[in-house]
Amino acid sequence: MDRRRKYKEIIIWSILSAAITFAVAFFIIGYIMLKGSRTISAEFLLDSPKGFPLGSSGGVYPAIIGSLAFTGVACAVASLLAVSTAVYLKFYCTSRRLYNVIRLVIESTAGMPSIVLGLFGYTLFVLKLGFGVSVLSGGLVLGIMIFPFIEVRVEKRLGEIEQDMLLSSYALGVSRYYTIKRLVLREALADIISSVALAGGFAMGATAPIILTGAVIYAKAPESIMSPAMALSYHLYVLVGEGAPLEYVYGTATVLVMLILAINGAAMLIGRMKRGE
Amino acid sequence: MDIIMQIEGMGVSYADKTVLSDITVDIYKNSITALIGPSGCGKTTFIKSLNLLVEDEKDGAVKGSILLEGTDARKIPREKLRSKLGMVFQNPAPFPLSIQENMTYAPRYHGVRDKESLGQIAKRKLEVAGLYDEVSHCLDMPARKLSGGQQQRLCIARALTVEPSVLLLDEPCSALDIQNTAKIEAMLKELSRDYSIVIVTHNLAQARRIADYTMFMMSGELVEFGRTSQVFSSPKDERTRQYIEGVFG
């Protein structure tokens, strides 16, 4: 009888926590969107910020493009690094010690405060390598930030690949490299894409890593990865700091949240579509 | 009858654990050799060591001598050795590709580029595996959509695409129903005219039905090897008799 009560309590507690989490998420997103929706218009989405303080009229177009550019660079860099690392760790690394060292590095990177990553990027990419304050520098720092996030997921997925399939391929006299290229990556593709997209959403929302490395208060939509750019997250930070009208603040936040939700939604859809195949 | 493989004093270990020890046996050309024995006696490991696949697994090591058509298996480049010894696993493992791509996967890797030749190989081997008529209209379908029995026949056909001389099968019928098992058995009988087959099986009746030779293993050792009729009717070793009569196993 006592046991039954315990189960009941656990179930009630699970439902309650799920409800609280859902309510908080729903409230935040709903509140932002409700407040911001009045500002959203074609002009807001397609115009540059104007007025004084900057952003108190006009729109956020350059920041949207900038955010997409930062995220794009970050995803490209991080996915390449993360997939290669995961493949190496899963298929080639034979030394336990080396494996542990690499793991430690990945975990340390994941735990690094983002502003510290930003400072590191400022020193290395902006100053030493001479990339300047640019989409490239900012994207690289964001890439480092999301790399562990993608690596861990991809490595886990590669570990789930059926052993018999790999052995069948080796048994046909096919090399490990070809097997990975043609079978393993293909098998894991949907999950790789969805992890990269999720990580992209994470990168898009980050501000600290790009403050010193790529984002600026005002710029036109970036024409190359070597130019500095605006970013929605940083624009939001500036708007609040400068006391711009609240509707513009919420408008910017709404655009940012919607973009991230769209990316996450696409990630989930890709994953589900591929799994339902 | 000609001998295609001579195995002498073969032992297999994973890290410090010995799985097979001192196995000496000959595999005869164009015949079916069944490998029987209780679970965990090393049957699968035995066939995985013939093509040195064990060495691709973590901490796996093979010692002793394995001769394929008189040549030391270790002296044959690994890729060539593997294509000489086709292998099919217990659970059908179709690649996440279309039926056609499953069939052209290995030939393409081994250098066949011409589309027509690839198509020919696929068609011929699917025919041999008795699958062509069933799938000829849907070669571009993902192979994983086939039924279990079809998948297993596809895997056998795929193993044949590299023109092996020996076919190693690890309980290929264990996950299949009677009809599919019968189809595969008939196919193996047919294949044994051109290939030498080693089949691991749990099913004693199956060994008796299709195999020319039978080897019985226990606890990592080869207990008995002989013509199937002899092994089943007058086993030399007491353990073989007990296993066949179902005293254990």
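Not measured: the values here are computed from a predicted model. (Residues numbered from 1 in each chain as written. Chains lettered and ligands numbered in written order. Predicted model: local features only at pLDDT ≥ 70, side-chain atom pairs only at ≥ 80, totals over all residues.)

## Looking at the overall build of chain A
If you tally the helices and strands in chain A, you get 11 helices and 2 strands. For chain A, the α and β elements follow one another from N to C terminus as α-α-β-β-α-α-α-α-α-α-α-α-α. Dimensions along the principal axes, computed over C-alpha positions, put chain A at roughly 70 × 65 × 35 Å. Within chain A, the proportion of its 277 residues that are buried is 43%. Expressed as a percentage of contacts within chain A between residues at least 6 apart in sequence, the contacts between residues at least 24 apart total 76%. (Helix = DSSP H or I, 4+ residues; strand = E, 2+ residues; numbered from the N terminus. Buried ≥ 20, exposed ≤ 12 C-beta atoms within 10 Å, placed from the backbone. Contact = placed C-beta atoms within 7 Å.)

## Let's talk about the interface of chain A and chain B
The extent of an interface is frequently quoted as the accessible surface area lost upon association of the parts. Residue-level contacts link 16 residues of chain A with 19 residues of chain B. At the level of elements, helix 7 (163-171) and helix 8 (176-205) of chain A are the ones that each hand at least two residues to the side of chain A that touches chain B. Residue contributions to the side of chain A that touches chain B peak at 6 residues, all from helix 7 of chain A. Split into classes, the residues belonging to the side of chain A that touches chain B amount to 8 nonpolar, 3 polar and 5 charged. (Nonpolar A, V, L, I, M, F, W, Y, C, P; charged D, E, K, R; others polar.)

## Looking at the sheet that holds strand 4 (residues 60-68) of chain B
Residues and elements named next belong to chain B. Read from one edge of the open sheet, 4 strands run 2-1-4-5, paired in antiparallel fashion. This sheet does not close on itself; its edge strands, each paired only once, are strand 2 (17-28) and strand 5 (71-72). Sheet analysis places strand 4 next to strand 5, joined by 2 bridges and oriented antiparallel. Within strand 5, the residue paired with Leu68 across the bridge is Thr71. Relative to strand 2, helix 1 (residues 43-50) is tilted by about 65°, and along the sheet it contacts strand 1 (3-14), strand 2 and strand 4. (Pairing = 2+ DSSP bridges. Axes fitted to C-alpha atoms, helices over the stretch in contact; angles between N-to-C directions.)

## Quick notes on the domain arrangement of chain A
Residue and element names in this part refer to chain A. When the domains of chain A are assigned, the result is domain 1 (2-37) and domain 2 (44-275). Put simply, the middle of domain 1 and the middle of domain 2, counted by C-alpha atoms, are 29 Å apart. Contacts between the two partners involve 6 residues from domain 1, matched on the other side by 5 residues from domain 2. Classifying every residue of the side of domain 1 that touches domain 2 gives 3 nonpolar, 2 polar and 1 charged. (Domains from an automatic or database assignment.)

## A short note on the nonpolar core
Residue and element names in this part refer to chain A. Core analysis: the largest hydrophobic core is formed by 150 residues, its most contacted members being Phe70 and Ile146. The element that contributes the greatest number of residues to this core is helix 3 (residues 61-92), accounting for 14 residues. For Phe70, the contacting residues outside a window of four places in its chain are Val135, Gly138, Gly139, Leu142, Ala203, Ile210, Gly214, Ala229 and Ala231. (Core = buried A, V, L, I, M, F, W, Y, C linked by C-beta atoms within 7 Å.)

## Observations regarding the sheet that holds strand 10 (residues 221-227) of chain B
Residues and elements named next belong to chain B. Pairing in this open sheet of 6 strands is mixed, and the strands run 6-7-8-3-9-10 from one edge to the other. Unpaired on one side and paired on the other, strand 6 (85-88) and strand 10 mark the two borders of the sheet. Across this sheet, the average inter-strand angle for adjacent strands is 15°, counted without regard to direction. Pairing of strand 3 (residues 32-36) with strand 8 (residues 196-200), which is carried by 4 bridges, proceeds in the parallel orientation. Each bridged residue has a counterpart across the sheet, and for Ala34 the counterpart in strand 8 is Ile199.

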